[in-house]
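What the coordinates show
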Amino acid sequence: MSSLAAVLAQAAPGLTAGPAAAAPTPTITVPDIEWTALLPILVLGLGAVLLLTLTSLARGTVTRSGYAIYTVLVATGAMATAAPLWGRVHAWDHLGKWELSPPYGPFSAVAGAIGVDGFSVFITLLIGVAVILGALLADDYLRREGIDGPEYYVLLLLSATGGVIMAMANDLIVLFLGLETLSIAVYVLAAIHLKRVQSQEAGLKYFVLGGFSSAFFLYGVAMVYGATGSTNLVQIKDLLAVKVPTHNALLLIGLGLMLVGLGFKVAAVPFHSWSPDVYDGAPSPVAAFMASGVKAAGFAGLTRAFLLGFGQFASDWQPVLYFLAAASMLVGAIVGITQTNVKRALAYSSINHAGFMLMALQAASPKGVTGLLFYLATYTFMTVGSFGIATLAGRTGDGHHDLADYRGFSRTNPALAGLFVLFLLGQSGFPLTSGFVAKFGSIAAAVDAGSWHLAVIGMVSAAISAFIYLRIIVAMYMAESDTEAAEKAPKAARIKVPFGAGLALVACALATIGFGILPNGLNRVAGEAEPVLVKEPVPAAASGADGAGLTGLDLTTIPTTPTTR
Amino acid sequence: MAVNYVVFFICALICLLGATGVVFSRNPVHAALSLVATLFGIAVLFVQQSAHFLAAVQVIVYTGAIVVLILFVMMLLGVDQEEDIDEEPLLGVRAAGTIVATILLLGLLAVFFLQSNRSTLVTGERSVTAPLSVDASLDSTKGVAETAGPDNMATLGRLLFTRYVFAFEVTAALLTIAVVGAVVLARRPDRLQPVPDEPESMDDDFMAALESEAGH
């Protein structure tokens, strides 16, 4: 029982701060822990640890699908705790019947380590959605493959914890720790199909390359610390606002190295080479989570570090992002059309999408952030849907991902083929799907920022990448099936769609069509989800010369009077 | 002052002897142990520079963890006998190593001897931190200096429980995740699934085709 307490204490940030406050040395003032802001992180992290503990105590008594249901509940809980934060950020004094407590407006918490703003809440909700969809897809998959157990769900929740930490990070060290929490769990997830050699290979590749990229990021953080004397984004921003170093090599090297680390996570060219292999080898539901949740967290990290922390340096990093975006869009589209494996083709298409999101980000404008968030939100559904179809079409063994395996898919599984067409058209940016609106927003942001050429490259790459999707559609609808038996008796080759995966696919399809026809609601929410850096107010207890050294000088930019919604 | 000199020279001697040992030992285990001596000597030098935390980390992480890991790998692979070090495992490794070492040495010497403007030598510009700490916007530097003096251990401890308390706790969670991941991966499956429908290589495919041809 004591070990349980230890595990709980480890997973709950801030718990051990209690004893320190009661320690006899009176000079340390422990910062206020804003528990409500930490709740999404705590729910996900403690939910994972609790699942681990309970299942080891009660092994064998878990009902069918129990783990998946639990995971969905935990993720829903995390999203529910994030909802009041959204209200507070937008200075509503109540959400439904609940009174919301001040401070209103975006705020920093826990000694400036995390920042709660519309952006971080939006990404938190998005990661919650990715976890729910990932759990629904995996439920039947894991049973089918004979690797059912709590591990997948525990790691999924822990990885999401890291993603939320990244989305809220206001400090480069916290950002790095979130990145590692996210990544280490996903490395293991990629290799979790212990019976499949390709899965192990994918896990090892991802681990080695990911370890390198994390080292790059950390080295960059160290350089930035050397140049600015702080790892806190608020302090860095304030410092750079008063004193603008023009050609500080340390700072520029640091920015470059950080970009390498985060560029790897979002699979931007030229840091993309891992992604086709890993997406192909990893279990399909894991690939779905990697393409949705991990990508969202990576872009959250990029936005917080570059757009917020180094916004004044935009003229330095914009050209680099410009190049990354152009290369990602073109390489993803052109190399993607040569792929004969559907999962690899989807991986290249995901690289292409990363390019579009980078294009929105490089605009470095509110419109760009809105475009990025809209793109991330809609892409999550489209990519999870696509990989969800691949999960089912892969059949037992998760090995039937060749284009040839999809021949005649429309006759054997008309419903699945129809959904796949929808997700593929959505990804290609077909009008009346969410992908069209997303691509439009990204291109519009680039044009507004004066990046005409990049916008043109984006449109060209969209046209090229349509070929990737059309190839799959042609294979499903126009090619004859390989085996004559399947041709003669299409019902025999029909895949039984399990409830969880079916639910996830229908949700993805509804989102893809819904946000395509009525994008305004999501667009407005994405527009309100602006990232802000706010200083943490110096708590009254910490004032004076006790040297706790919390944060800055003034309390400006926090609206004190709540508006009524 | 005299004590400082004595400590410095003894440690420097240990470091250099250890480093030489790493390069010239014929037995890899001896080389690893020599590395321990070097790292330990550096740890003492850190103490001498009042970098107590760095010294502790040096001993715990480098000598305690990394070298032990190296020894583990050696013993698991059974390389505890003499190696033929006259044979280069990779062509040109030795030459490349010599070149890199020379460049590093020259770079280090350059910092020392071309020090007309030492602070800006490396980056071309002074770090922008100096005015920040003078402004005392980072009030921790002042406050900590008053209360804790030069003891960087106390400063670090203080920071861990104040400004970096969140990062500190997340690190703890991170270690939990690493353990969970290691346990998941360490389990052996009952049987490995055969690679489905995928020929080992093009050659196998070709050979299979040839054989079927021959069968006809």
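Bear in mind the structure is a predicted one, so any value in this text is a computation, not a measurement.

When helices and strands are counted, chain A shows 22 helices and four strands. Counting over 565 residues, chain A shows a buried share of 62%. A separation threshold of at least 6 residues defines the contact pool for chain A, and within that pool the share at least 24 residues apart is 80%. Carbon together with sulfur atoms contributes 69% to the accessible area of chain A, which is approximately 19700 Å² in total.

This part takes up the overall build of chain B. Within chain B one finds 10 helices and zero strands. Traced from its N-terminal end to its C-terminal end, chain B shows the element sequence α-α-α-α-α-α-α-α-α-α. Across the 216 residues that make up chain B, the buried fraction comes to 25%. Of all intrachain contacts in chain B linking residues separated by at least 6 positions in sequence, the fraction that spans at least 24 positions is 48%.

So, on to the packing of helix H14 (residues 342-362) of chain A against helix H19 (residues 452-477) of chain A. Residue and element names in this part refer to chain A. The geometry of H14 relative to H19 is characterised by a closest axis approach of 11 Å and an angle of 160 degrees between their N-to-C directions. On the basis of the axis angle, H14 is roughly antiparallel to H19. Read as a crossing pair, H14 and H19 show a hand that is left-handed. Here Val 342, Ala 345, Ser 349, Asn 352, His 353, Phe 356, Met 359 and Gln 362 of H14 come into contact with H19, specifically with Leu 454, Ala 455, Gly 458, Ser 461, Ala 462, Ser 465, Ile 468, Tyr 469 and Ile 472. Residue classes in the contact of H14 with H19 are distributed as 10 nonpolar, seven polar and no charged.

Now for the packing of aromatic side chains. How two aromatic rings sit relative to each other is set out by the distance from centre to centre and by the angle between their planes. Residues and elements named next belong to chain A. Enumeration according to the criterion identifies 19 aromatic pairs over all chains in this entry. One aromatic cluster is present, built from ring pairs that chain together Tyr 187, Tyr 206, Phe 207, Phe 264, Trp 274, Tyr 279 and Phe 387. For the cation-ring pair, Lys 439 lies above Phe 356, with the distance from its terminal atom to the ring centre recorded as 4.8 Å.

Here we take up the packing of helix H11 (residues 274-281) of chain A against H14 of chain A. Helix-helix packing is characterised by the crossing angle of the two axes and by the distance between the axes. Residue and element names in this part refer to chain A. As a packed pair, H11 and H14 sit with axes 8 Å apart at the nearest point and diverge in direction by 135 degrees. Taken together, H11 and H14 sit at an angle that is classed as oblique. For the pair H11 and H14, the sense of crossing is right-handed. Of H14, the residues touching H11 (which contributes Ser 275, Pro 276, Asp 277, Tyr 279 and Asp 280) are Lys 343, Arg 344, Ala 347, Tyr 348, Ser 350 and Ile 351. Each residue belonging to the contact of H11 with H14 can be placed in one class, and the counts come to five nonpolar, two polar and four charged.

Before going further, it helps to examine the pattern of salt bridges. Residues and elements named next belong to chain A. Scanning all chains against the criterion turns up 11 salt bridges over all chains. The salt bridge partner of Asp 277 is Lys 205, with a shortest N-O separation of 2.8 Å. Here Asp 277, found in helix H11, pairs with Lys 205, found in helix H8 (residues 197-228); they are 72 residues apart in sequence, far enough to count as distant. With relative accessibility at 29%, the residue Lys 205 sits in the partly exposed group. For Lys 535, the salt bridge goes to Asp 238, with nearest N and O atoms at 3.0 Å. On the criterion of sequence distance, the pair formed by Lys 535 in the segment after helix H22 (520-528) and Asp 238 in helix H9 (residues 233-242) is long-range, its members being 297 residues apart. On the basis of relative accessibility, which here comes to 32%, the residue Asp 238 falls in the partly exposed class.

All names here are of chain A. Going from Val 269 to Pro 270, the amide bond is cis rather than trans, its omega being 10 degrees. Locating Pro 270 in the fold gives a position in the loop between helix H10 (249-265) and H11. Despite not being glycine, Val 110 shows a phi value in the positive range, around 50 degrees. The residue Val 110 is located in the loop between strand S3 (107-109) and strand S4 (114-116) in this model. Its identity as a non-glycine residue notwithstanding, Leu 432 has a phi of 70 degrees, on the positive side. Its place among the elements puts Leu 432 in the loop between helix H17 (414-428) and helix H18 (434-448). Exposure remark for Leu 432: the relative accessible area of 58% places this residue in the exposed category.

Turning next to the confidence of the model for chain B. Low-pLDDT stretches of the model should not have their predicted coordinates read in fine detail. Residues and elements named next belong to chain B. Looking at chain B as a whole, the pLDDT averages 75, with 65% of positions reaching at least 70. Across residues 123-149, where pLDDT falls below 50, the model places 44 contacts with residues more than four positions away in sequence or in other chains. Confidence over residues 198-202 falls short of pLDDT 50; this stretch has two contacts with residues more than four positions distant or in other chains.

On to helix H21 (residues 499-517) of chain A. Residue and element names in this part refer to chain A. With 19 residues, H21 ought to run about 27 Å at 1.5 Å a step, and its terminal C-alpha atoms sit 27 Å apart, in line with that. Of all the residues in H21, the buried ones are Gly 500, Ala 501, Gly 502, Ala 504, Leu 505, Cys 508, Ala 509, Ala 511, Thr 512 and Gly 516. Looking at the buried positions of H21, the neighbouring elements they touch are helix H5 (118-144), helix H15 (366-393), H17 and H18.

Tyr 206, Phe 299 and Phe 310 of chain A together with Phe 166 of chain B are the most contacted members of the largest nonpolar core, which totals 196 residues. Looking at which element gives the most residues to this core, the answer is H5 of chain A, with 17 residues. The contact partners of Phe 310 of chain A, leaving out residues within four places of it in the chain, are Val 224, Ile 236, Leu 240, Leu 251, Leu 255, Met 258, Ala 305 and Trp 317 of chain A. Of all hydrophobic cores here, the second largest spans six residues; its members include Val 29, Ala 32, Leu 39 and Leu 71 of chain B.

What counts, and where the lines are drawn
Sequence positions are assigned chain by chain, starting from 1 and proceeding in written order. Each chain gets a letter, beginning with A, and each ligand a number, beginning with 1, in the order they are written. Restriction of local features to residues with pLDDT of at least 70 applies here, the model being predicted, together with a cutoff of 80 or more for giving and counting side-chain atom pairs; totals for whole chains, interfaces and linings are based on all residues. Heavy atoms throughout the structure, all of them, feed into the side-chain values; hydrogens and water do not. Only DSSP runs of H or I covering at least 4 residues are called helices, and only runs of E covering at least 2 are called strands; the numbering of each starts at the N terminus. Relative accessibility under 20% of the residue-type maximum defines a buried residue, over 50% an exposed one, and the middle range a partly exposed one, all with a 1.4 Å probe and only protein chains included. Only heavy atoms matter for contacts: two residues are in contact if any of them lie within 4.5 Å across the pair. Residue-level accessible areas treat just the shown protein chains as cover; the underlying method is Shrake-Rupley with a 1.4 Å probe. Throughout, an axis means a line fitted to C-alpha atoms (over the contacting stretch in the case of helices), and angles, computed between N-to-C directions, take values from 0 to 180 degrees. For this classification, under 35 degrees means roughly parallel, over 145 means roughly antiparallel, 65 to 115 means roughly perpendicular, and everything else is oblique. In a left-handed crossing the near helix is turned counterclockwise from the far helix by less than a right angle, and in a right-handed crossing that turn is clockwise. Residues are grouped as follows: Ala, Val, Leu, Ile, Met, Phe, Trp, Tyr, Cys and Pro are nonpolar; Asp, Glu, Lys and Arg are charged; all remaining types, including Gly, are polar. Centres within 6.5 Å are what make two rings of Phe, Tyr or Trp a pair, Trp counting through its six-membered ring; a difference in plane orientation under 30 degrees is then read as stacked, over 60 as edge-to-face, and the rest as tilted. Whether a charge sits over a ring depends on NZ of Lys or CZ of Arg being within 6 Å of the ring centre and within 35 degrees of the ring normal. A side-chain nitrogen of Lys or Arg and a carboxyl oxygen of Asp or Glu constitute a salt bridge if their distance falls within 4 Å. Confidence of the predictor in every single residue is expressed as pLDDT, which spans 0 to 100. Each helix should span, by expectation, one fewer than its residue count multiplied by 1.5 Å. Joining through side-chain atoms within 4.5 Å is the link that ties buried Ala, Val, Leu, Ile, Met, Phe, Trp, Tyr and Cys residues into a set, and such a set is a nonpolar core.

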